[in-house]
Amino acid sequence: MNTNKSISQCPTGVPGLDDVLKGGLPCNNLYLLQGKPGTGKTTLALQFLMEGRRLGEKTLYITFSETKDELDAVAQSHDWDLEGIHILEISAISEQLGRDTRNTLFHTSEVELSKTIQVVLNKISETGAQRIVFDSISELRLLSDSSLRYRRQMLAFKQYFIGRGATVLFLDDLTAEAGDLHVQSIVHGVLFLEKVRAGYGVDRREFHIVKMRGVEFRSGTHDYLIKKAGVQIFPRLVASEHHLDFKREVVSTGVKALDCLLGGGLDRGTSNLILGPAGTGKSTISIQFATAAAAKGKRVGIYSFEESPVNLKARANDLGIPLDEHLKSGQISLRKIDPAELTPGQFTALLREEVKLNDLDVIIIDSLNGYIHAMPEQQFLMLQLHELLSYLGSQGVITLIVLAQAGIMGNMHTPLDLTYLADSVIVTRFYESFGSVKKAISVTKKRTGTHEETLRELKIGQGGILVGPVLDHFAGIFTGVPRYLGSTDNGLKGNNE
């Protein structure tokens, strides 16, 4: 197979698409862009032509179904100017096709295919277009009396464009049975846009390349959006393609006893999971680490799925944790994420962009439960998370993930088992002691070194996090109802120094 470097490629002008294509569409070939109505085919096609115009190429949009006014309306909705892009509106050239439209409406289906094609070819020859869009071939299919004639016409198009230096994009709205395999077998590549209806929240849009002859491309499914700026594709992340050399170091949590549990702190380039039921202090621990890292000059990004920034800042202020101070200095950034309005592909792209642009050292995801809700297909979520965490680790980022478990005491379960993905796992628990509900903390896993294999009492109050001595007078704390083995209460006595 040829490599992309040996083939001339046309940039598409669609953010993310050239990444998927590893450079762009191979020039001077025919392509099929498929998708049901509303998936963004026209928008993407206009971006393709506008990129050609920007590069000084001649462009032509041949519309069988939409009028020029409708195309202008699409362009205006994106604040685009189509000046310089030739538009051939078939429904407006009835006189050239020998039709008298004074008393009847013009319908392309009433025009003989040969005459229609001749007008199209004349326009292509007149403009010398190097980028051409046909919108849509469904109309050509209707003009053909049979599948045989339709296939012959598409083969004739292919022969016509060979050697003419034109890159052609056929749009197909999938009105034909079997997805128009006639054209798929003829063209050089097939691009597919799909809108997946969600049970709740924003519809998910997916893009993939069905085929692309002779070149390497990024296979698989990629999320995409239609925004004010047009179609934007979020390429599927492949962590192995990204690596950055960084200095290994351990970053303190700012709490000495917690550092002892962790064997010194959290290591650069690791993913760390804080696991426990709601109310055990998981978010507070993550905020504590964020401010401690910021105080050491690290840049921190916090992505909150559940708690609003106002509540998060208020709680940190009540506990004496200087979150607001670092937010004002810009050392910490805080962003609220709405899982109903975000796809996992978008979230991954967001993290990649901020790591690159803002040079983040620490990323906190609070909590992963919200991310899970954004992608109910859990088997694919695990693969995405694996790639995301591997990518962040390869960039030297410390990732801290909060995951809430269902239940209060006793047996706990999580919506997703991520313990095997994390380099270290911090577990928080409620337990009963002398008529009170208390909290315990332990580190159950650390890949990058040794850690303390004990349970300690955890208290959260004015002054932040307090981690007490080892709870060696209790047994069965993880069950929620421990047995007391000592003669005195071994509660927190201020061992937080």
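Scroll up for the structure.
What comes next concerns the included structure. None of these values were measured; they are calculated from a predicted model. (Residues numbered from 1 in each chain as written. Predicted model: local features only at pLDDT ≥ 70, side-chain atom pairs only at ≥ 80, totals over all residues. Heavy atoms only, no water.)

Turning our attention to the sheet that holds strand S8 (residues 189-196). Across the sheet, which stays open at both edges, the nine strands sit in the order S5-S4-S6-S7-S3-S8-S9-S10-S11 with mixed pairing between neighbours. A strand with exactly one partner marks an edge of an open sheet, and here the two such strands are strand S5 (86-89) and strand S11 (230-234). Looking at each pair of strands side by side, their axes are set apart by 20° on average, direction ignored. Alignment of strand S10 (residues 222-227) against S11, held across five bridges, turns out to be antiparallel. Looking at S11, one finds that Asp 223 is bridged to Phe 234. Each of strand S3 (30-34), strand S4 (59-63), strand S6 (131-135), strand S7 (167-172), S8 and S11 touches helix H2 (residues 41-54); the most contacted strand, S6, lies at about 165° to it. (Pairing = 2+ DSSP bridges. Helix = DSSP H or I, 4+ residues; strand = E, 2+ residues; numbered from the N terminus. Axes fitted to C-alpha atoms, helices over the stretch in contact; angles between N-to-C directions. Contact = heavy atoms within 4.5 Å.)

Tracing the sequence through the fold places Thr 167 in strand S7. Among the residues examined, Thr 167 registers a relative accessible area of 1% and is labelled buried. In this structure the C-alpha to C-alpha distance between Thr 167 and Ile 132, which are 35 residues apart in sequence, comes to 6.3 Å. If near-sequence neighbours (up to four positions away) are discounted, Thr 167 is found in contact with Cys 10, Pro 26, Cys 27, Asn 28, Asn 29, Tyr 31, Phe 48, Gln 130, Arg 131 and Ile 132. (Buried < 20%, exposed > 50% of the residue type's maximum accessible area, 1.4 Å probe, protein only.)

Here we take up the pattern of salt bridges. Using the criterion set out here, one finds 19 salt bridges in the structure. With a closest N to O distance of 2.7 Å, Arg 54 and Glu 51 form a salt bridge. Placement of the pair is Arg 54 and Glu 51 together in helix H2, with a separation of three residues, close to one helical turn. You can call Arg 54 exposed: its relative accessible area is 59%. Arg 315 is the partner of Glu 307 in a salt bridge, and the nearest nitrogen-oxygen pair spans 2.5 Å. Each member of the salt-bridge network shares a partner with another, and the members are Asp 19, Arg 218 and Glu 241. (Salt bridge = Lys/Arg side-chain N within 4 Å of Asp/Glu carboxyl O.)

Formed by 34 residues in total, the largest nonpolar core has its most connected members in Tyr 303, Phe 347, Ile 363, Leu 368, Leu 385 and Leu 418. Breaking this core down by element, the ones donating at least two residues are strand S14 (271-277), helix H12 (344-358), strand S17 (362-366), helix H13 (368-374), helix H14 (378-394), strand S18 (398-405) and strand S19 (424-433). In this structure, Tyr 303 is in contact with Arg 335, Ile 337, Phe 347, Leu 350, Leu 351, Glu 354, Leu 360, Ile 363, Ile 364, Ile 365 and Asp 366, ignoring residues within four places of it in sequence. (Core = buried A, V, L, I, M, F, W, Y, C linked by side-chain atoms within 4.5 Å.)

With that out of the way, let us pick up the packing of helix H9 (residues 282-295) against helix H10 (residues 309-318). With their axes 11 Å apart at the nearest point, H9 and H10 run at an angle of 75° to one another. Overall, the two elements H9 and H10 adopt an arrangement that is roughly perpendicular. Contacts from Ser 283, Thr 284 and Ile 287 of H9 reach H10 at Leu 312, Arg 315 and Ala 316. Taken together, the residues of the contact of H9 with H10 sort by class into three nonpolar, two polar and one charged. (Parallel < 35°, antiparallel > 145°, perpendicular 65-115°, else oblique. Nonpolar A, V, L, I, M, F, W, Y, C, P; charged D, E, K, R; others polar.)

With that settled, consider the sheet that holds strand S21 (residues 455-461). Strands in a sheet are paired, the pairing made by backbone hydrogen bonds, and the direction either parallel or antiparallel. The nine strands are arranged S16-S15-S17-S18-S14-S19-S20-S21-S22 in an open sheet whose pairing can be described as mixed. Unpaired on one side and paired on the other, strand S16 (332-336) and strand S22 (464-470) mark the two borders of the sheet. The sheet shows a mean angle of 25° between the axes of neighbouring strands, taken without regard to direction. Two elements, S17 and S18, share five bridges in a ladder whose sense is parallel. Paired with Val 362 across the strands is Ile 398, a residue of S18.

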